[in-house]
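An overview of the molecular structure
Each chain, written out:
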Amino acid sequence: MPTIILDFFRAVWRGPFGPTGLVILGLCVALAILGPAIAPYDPVARNYDAAGKLLRLAPPSWQHWLGTTLLGRDVLSQMLVGARPALLVGGLTALGTVLIGVNIGLISGYFGGRIDSFLMRLTDMFLGLPFLPFIIIVLSLTGRSLTTMVIAMTLVMWRSTARVVRAQVLSLREMPFVAAARITGASDLAIIYREIAPNIMPIALVSVAFALAWAIITEASIGFLGFGDPSVVSWGSIVYDAYASQMMYRAPWWVVPPGIAIMVLVSAVYFVGRAYEQVVNPRLRTG
Amino acid sequence: MAGYLLRRFWHMVLTLFAMATLMFFLFRLLPGDPTATVISPSLYPKAQEAMRQQFGLDRPLFEQYLIYLRNLCVLDFGISFQTNRPVFEMIQGRLLNTILLILPSMLAAYLLGAGIGAIAAWKRGSAAEVSLVFTATALQSAPLFWLGMLAILLFSIKLDLFPIGHIVTPGMFPEQDWRMYLSADFLHHLALPFLVNTLYQLCFPLLLMRSTMLSTIGEDYIELARMKGLSERRVLFGHAARNALLPLATTLPMILGWAVAGSVVIETVFSWPGLGLLMIDAISRADYPVAQAAFLLIAVLTVFGTFIADLLYGLLDPRIVYA
Amino acid sequence: MPASETRPLLSIAGLSASYDTPRGPASALARIDLDLDKGENLGLIGESGCGKSTLLKTVMGVMPGNARIDAGSIAFRGRDLVSASAEQRRAVRWAGISMVTQSALNALNPVLRVGDQIAEAILAHRQISRAGAWRRTEALLTMVGVAPERARDYPHQFSGGMRQRAIIAMALALEPPLVLADEPTTALDVVVQDQIFRSLRGLQAQLGFSLLLVTHDLALVIENCERVAVMYAGEIVETGPTREVIRRPAHPYTLGLKNALPRLGSRDEPIAIPGGPPDLVEPPRGCRFAARCPFALPLCRSEPPPLTTVEPGRQARCHRATEIDALAPLAALPQTWDALREGPR
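Residues numbered from 1 in each chain as written. Chains lettered and ligands numbered in written order. Predicted model: local features only at pLDDT ≥ 70, side-chain atom pairs only at ≥ 80, totals over all residues. Heavy atoms only, no water.

1. Re the overall build of chain C
When its secondary structure is counted, chain C shows 14 helices and twelve strands. Relative to the compact-globule value of 20 Å for 345 residues, chain C shows a C-alpha radius of gyration of 21 Å, a close match. Across the 345 residues of chain C, 50% fall into the buried class. Pairs at least 24 residues apart make up 66% of the contacts formed inside chain C by residues separated by at least 6 positions. Within chain C, one finds 39 positive and 36 negative side-chain charges whose respective centroids are separated by 3 Å. (Helix = DSSP H or I, 4+ residues; strand = E, 2+ residues; numbered from the N terminus. Rg over C-alpha atoms; globule rule 2.2 N^0.38 Å. Buried < 20%, exposed > 50% of the residue type's maximum accessible area, 1.4 Å probe, protein only. Contact = heavy atoms within 4.5 Å. Lys, Arg positive; Asp, Glu negative; His and termini not counted. Charge placed at Lys NZ, Arg CZ, Asp CG, Glu CD.)

Below, the structure is given as structure tokens:
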């Protein structure tokens, strides 16, 4: 496992895009950890000016670099605090997605036959499930919390990972080293997890990157649609507050920063994912 | 070919059946009174009792499930809590609105994306190509709702070129009828969400087309095409692009699914009265029969899109034989 | 054009080319001299990686992006292609020099009809209607022994032999004076291979093109080519009339190749040349074959041998070319090569 992580960094470090992405990702992770500590104001406290008047929709100033919201809250503080849910939900979802997807792909591809057709039929069904609407229905029925969000997103996202992994396993299954392991009497489970699984780790890592990108955008979209955890300030919920207040077009400083933050973070994830894919996927090597 | 079509169609029906089942149990897993999602709690107790019998909610769960399936087959989605009208009446117009917004935009996105991606591969290494790839990645990474809001801010509010939302000017067509779709007013309202969605959705096919074309450049048949004395343009567009279209086509079902699902977002931003907005509104008003029906219809669109895209793939790749 | 009639059809002189590798430029072609007359068949033989395919690609002007020509000229009908403009080169491609490629499966685009792939070559060079190009395509397929209605098929619907025939039809589409063939039948079984070559010779009698046949199979060259050039590690090491070269090779490498040929009626096992080709990023200072040559002298390791004329029309790149008659009997003995196998490298 450590070698694969080392290989990962070595692979991504080549070329201009990979390192750029890694640096941005590193900054975002730092922000997710330190955000609440370095936020200049309480993100949900109302701010007043010297005369004691509520600072409604104040444009950017030295006191409030990114201005304030309709309720006089500091946008910069909300931005700094909002990094954590984005990365937390994104990261956990990506992890869950890959755990389920990789295992289903491994089992389906290795055993083939009925198990394979059952699991692939299941995957097809999940592929037909409308992504965002499904998550919203689940959230509205079971309550709005980050945990439910992660579970609901994982439920619909494992499907593509499973397909990619299965395809890879189908070809690995025919390799001589698998036959050799079988001759020495290794059990099916041992072959799957000791012989085949290490070989699909690179593909799984690519899949983590793309799942992460999708999960971050989806978390924001859910927040924007108003189905996010009401007790959490996230980049999506900032846009939702602006949208719901009907003031968004009068206060660009309120709406523009969260979108840019999401765009930069997700681009960074794509850059890292593509740089790694370039090295891992032989078909892309020339391009 | 007919056999394949039939089998593929059967899979589609199975998938939809499984999804309807999932929805049935999901809506009854709710904590509290399981019938609260079917019968409006705001009705008089007597009326509630009457409906309970009408929908068979006093029967065992399995029987309820059979009744639910039968009702779905005859397109009876129940009564809206909000309007007390049959749900079916409320959603039929919405379906068309969503299709009109998403389908032309997705077709435009794929055609444009493939074309621009091919040109990018042709001009590989140039400064224009590098910045195009960078821009496409950034656009693809931006949240769609945010792009929509920026577009409204810029084109509707600052430049006053397009209306801020809705499908037609409110009050212009009091009865929603087909003449609405032929009006210039409708097209004027459609333009901005169409442009935003197309711009956002074309990034994926663009980047994929480019990278697939670049990866075919080392193939023997590309070299032979070059040796034949074909111009670089013919080699790339006649050979490399033709081959890159295949992997592009395989992604169409997935992307179509995402786009239909994404209609929730774009319809909300532009107040577009489609299925997605209907579902969001219904959920926030606890109008569960409408929410469920809207969801099922979105699912039908997604699954049907996948079906069509699969058939399309067969047309493009001569190696595929329908057996 | 009487002037161009007297010149050789294709004349390669002093051609050197290299391609970039992570360790530095590799010398893929070194000082290649090769002439091919009108109507003549020339065989180019050598093991894989010796630069045969690179030479063909260089002549066709489709070198990969990391390769470049360092020196020399490629004159076709007296006009240099190396210094020609891209547009001039494109006009010569296929109309002047066409190519029958290796591995016919991958050489045809899987998603385009075979007929369209032939017709597009015609359309790229001739002022002709689509229908006209299609009629010509059907005639070409008939000529190579494929039913004309198969033009509407896709490559995967063709057998291996039919694909190779289609590739030949494509190469002859514009009746070029010169056809290059790169291992045209390696992927096919011997019977089909034989059929293909028989029809190729028939077509040649009919159309009168010259053929440059690249292969690692000496037997094919013996059957099809009047003249042969032997290539080793990016250099031409011997040229001459095929019969002469096979009967009395003038280079130790050719002797080794001849040993590898199974002899009819002989019980002897074929003898392989031990070792592998040299590193082309840092090619040997002297003769490129010296490390694998049982007759190498200290001189061979320090001085590159010049191309010397052994007999009129026969040349060899060897310091000991004149003593070759004395060395030939030794080369036929397995021990000679075995000593090299065991000796210090």
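2. Some words on the overall build of chain B
In terms of regular secondary structure, chain B is built from twelve helices and zero strands. Going from the N terminus to the C terminus, chain B shows its helices and strands as α-α-α-α-α-α-α-α-α-α-α-α. Expressed as a percentage of the 323 residues in chain B, the buried residues total 54%. Sequence separation of at least 24 residues holds for 71% of the intrachain contacts in chain B that already meet a minimum separation of 6. For chain B, the computed accessible surface area is about 14400 Å², with 69% contributed by carbon and sulfur atoms. On chain B, the mean spot of the 21 positive side-chain charges and the mean spot of the 20 negative ones are 6 Å from each other. (Areas by Shrake-Rupley, 256 points an atom, 1.4 Å probe, with all protein chains shown as cover.)

3. A few points about the pattern of salt bridges
One pass over the structure, following the stated rule, counts 27 salt bridges over all chains. For Arg166 of chain A, the salt bridge identified is with Asp116 of chain A, shortest N-O distance 2.7 Å. Residue Arg166 of chain A is found in helix α6 (residues 146–172), and its partner Asp116 of chain A is found in helix α4 (residues 113–128); the two are separated by 50 residues along the sequence. A salt bridge links Arg320 of chain C to Glu323 of chain C; its shortest N-O distance comes to 3.0 Å. You can call Arg320 of chain C buried: its relative accessible area is 15%. Glu323 of chain C gets classed as partly exposed once you look at its relative accessible area, which sits at 33%. (Salt bridge = Lys/Arg side-chain N within 4 Å of Asp/Glu carboxyl O.)

4. Overview of the sheet that holds strand β4 (residues 67–76) of chain C
Residues and elements named next belong to chain C. In spatial order, the strands read β2-β1-β4-β5; together these four strands make up an open sheet with antiparallel pairing. On the outer flanks of this sheet lie β2 (24–36) and β5 (79–80), each paired with one strand and no other. Inspection of the sheet shows strand β1 (residues 10–21) paired to β2 by nine bridges, in the antiparallel sense. In the strand pairing of β2, Leu10 is matched with Leu36. (Pairing = 2+ DSSP bridges.)

5. A few points about the packing of helix α3 (residues 75–111) of chain A against α6 of chain A
Residue and element names in this part refer to chain A. Across the interface, α3 lies against α6 with an axial gap of 5 Å and an inter-helix angle of 40°. The element α3 and its partner α6 pack so that their crossing is right-handed. Split into classes, the residues belonging to the contact of α3 with α6 amount to 19 nonpolar, nine polar and one charged. (Axes fitted to C-alpha atoms, helices over the stretch in contact; angles between N-to-C directions. Left-handed = near helix turned anticlockwise from the far one by under 90°. Nonpolar A, V, L, I, M, F, W, Y, C, P; charged D, E, K, R; others polar.)

6. Focus: unusual backbone geometry
Residues and elements named next belong to chain C. The phi dihedral of Arg31 is positive, around 45°, even though this residue is not glycine. Overall, the relative accessible area of 39% leaves Arg31 in the partly exposed class. The backbone phi angle of Glu183 is positive, close to 45°, even though this residue is not glycine. By the secondary structure assignment, Glu183 is in the loop between β7 (178–182) and α8 (190–207).

7. A look at the interface of chain A and chain B
Between chain A and chain B, the residue contacts involve 45 residues of the former and 47 residues of the latter. A buried area of about 4200 Å², summed over both sides, lies between chain A and chain B, and 79% of it is on carbon and sulfur atoms. Sorting the residues of chain A by area buried against chain B places Ile137, Leu141 and Tyr249 of chain A first, and these three jointly supply 17% of that buried surface. The interface formed by chain A and chain B holds zero salt bridges in total. At the boundary of chain A with chain B, the tally comes to five residue pairs in polar contact (both at pLDDT 80 or more). Secondary-structure elements contributing two or more residues to the side of chain A that touches chain B are α4, α5 (131–142), α8 (188–225), α9 (235–244) and α10 (252–280) of chain A. A breakdown of the residues in the side of chain A that touches chain B according to their chemical character gives 33 nonpolar, seven polar and five charged. (Buried area = accessible area lost by both parts, 1.4 Å probe. Polar contact = N/O pair within 3.5 Å; in protein donor to acceptor, adjacent residues only side chain to side chain.)

8. A look at helix α7 (residues 160–172) of chain C
All names here are of chain C. A rise of 1.5 Å per residue sets the reference length of α7, with its 13 residues, at 18 Å; its end C-alpha atoms lie 19 Å apart and thus fit the reference within 8%. Within α7, twelve of the 13 residues are buried, which leaves it mostly tucked inside the rest of the structure. Taken as a whole, α7 has its buried residues at Gly161, Met162, Arg163, Gln164, Arg165, Ala166, Ile167, Ile168, Ala169, Met170, Ala171 and Leu172. (Expected span 1.5 Å × (residues − 1).)

9. Focus: the environment of Cys50 of chain C
Residues and elements named next belong to chain C. Mapping Cys50 onto the fold places it in the loop between β3 (41–45) and α2 (52–60). Overall, Cys50 belongs to the buried group, its relative accessible area being 3%. Measuring from C-alpha to C-alpha, the distance between Cys50 and Phe295 comes to 21 Å, with 245 residues separating the pair along the chain. For Cys50, the residues in contact, after removing those within four places along its chain, are Ala28, Met231, Tyr232, Ala233 and Gly234.

10. A word on the domain arrangement of chain B
All names here are of chain B. Domain assignment breaks chain B into domain 1 (17–73) and domain 2 (89–316). Put simply, the middle of domain 1 and the middle of domain 2, counted by C-alpha atoms, are 37 Å apart. Between domain 1 and domain 2, the residue contacts involve ten residues of the former and seven residues of the latter. Summed over both sides, the interface between domain 1 and domain 2 buries roughly 710 Å², with carbon and sulfur atoms accounting for 79% of that surface. If you look at where domain 1 meets domain 2, you find zero salt bridges. (Domains from an automatic or database assignment.)

11. Things to note about the interface of chain B and chain C
Buried accessible area, meaning the area lost when the parts come together, often serves as the stated size of an interface. Listed per partner, the contact involves 19 residues of chain B and 25 residues of chain C. Here chain B and chain C share an interface that buries about 2100 Å² over both sides, 60% of which is from carbon and sulfur atoms. If you look at where chain B meets chain C, you find three salt bridges. Here chain B is connected to chain C by 13 residue pairs in polar contact (both at pLDDT 80 or more). Sorting the residues of the side of chain B that touches chain C by element identifies α9 (220–227) and α10 (232–269) of chain B as the ones contributing at least two each.

12. Remarks on a nonpolar patch on the surface
Taken together, Phe9, Trp10, Val13, Leu14 and Phe17 of chain B make up a surface patch of nonpolar side chains, about 470 Å² in accessible area. With respect to the helices and strands, Phe9 of chain B occurs in helix α1 (residues 2–28). (Patch = residues over 30% accessible without salt bridge, like charges linked within 9 Å, V, L, I, M, F, W, Y side chains within 5 Å.)

13. A closer look at helix α6 (residues 130–143) of chain C
All names here are of chain C. Taking 1.5 Å of rise per residue, the 14 residues of α6 would be expected to cover 20 Å, and the 20 Å separating its terminal C-alpha atoms lies within 8% of that figure. Every buried residue of α6 is accounted for by Gly132, Ala133, Trp134, Thr137, Leu140 and Leu141. Packing partners of the buried residues in α6 comprise α5 (114–125) and α7. Of the residues one or two after α6, Gly145 is the one with positive phi, at around 90°.

14. Overview of the packing of aromatic side chains
The tally for this structure, following the rule as stated, stands at 18 aromatic pairs over all chains. Ring centres of Phe210 of chain A and Tyr270 of chain A lie 5.9 Å apart, and the angle between their planes is 45°; on these two criteria the pair is classed as tilted. Here Phe210 of chain A is found in helix α8, whereas its partner Tyr270 of chain A is found in helix α10, with 60 residues between them in sequence. Ring centres of Tyr232 of chain C and Phe289 of chain C lie 5.0 Å apart, and the angle between their planes is 85°; this geometry places the pair in the edge-to-face category. Of this pair, Tyr232 of chain C sits in strand β9 (residues 227–232) while Phe289 of chain C is found in the loop between α11 (252–259) and α12 (298–302), placing the two residues 57 residues apart along the sequence. Assessed through its relative accessible area of 1%, Phe289 of chain C is described here as buried. (Phe/Tyr/Trp six-rings, centres within 6.5 Å; stacked < 30°, edge-to-face > 60°.)

15. What about the sheet that holds strand β10 (residues 235–241) of chain C?
Either a parallel or an antiparallel arrangement is found when strands of a sheet pair, and the pairing is made through backbone hydrogen bonds. All names here are of chain C. In spatial order, the strands read β6-β7-β8-β3-β9-β10-β12-β11; together these eight strands make up an open sheet with mixed pairing. Each edge of the open sheet is held by one strand with a lone partner, namely β6 (97–100) and β11 (308–311). Across the sheet, the axes of successive neighbouring strands diverge by a mean angle of 25°, strand direction being ignored. Together, β3, β9 and β10 form the strand contacts of α11, whose direction differs from that of β9 by roughly 105°.

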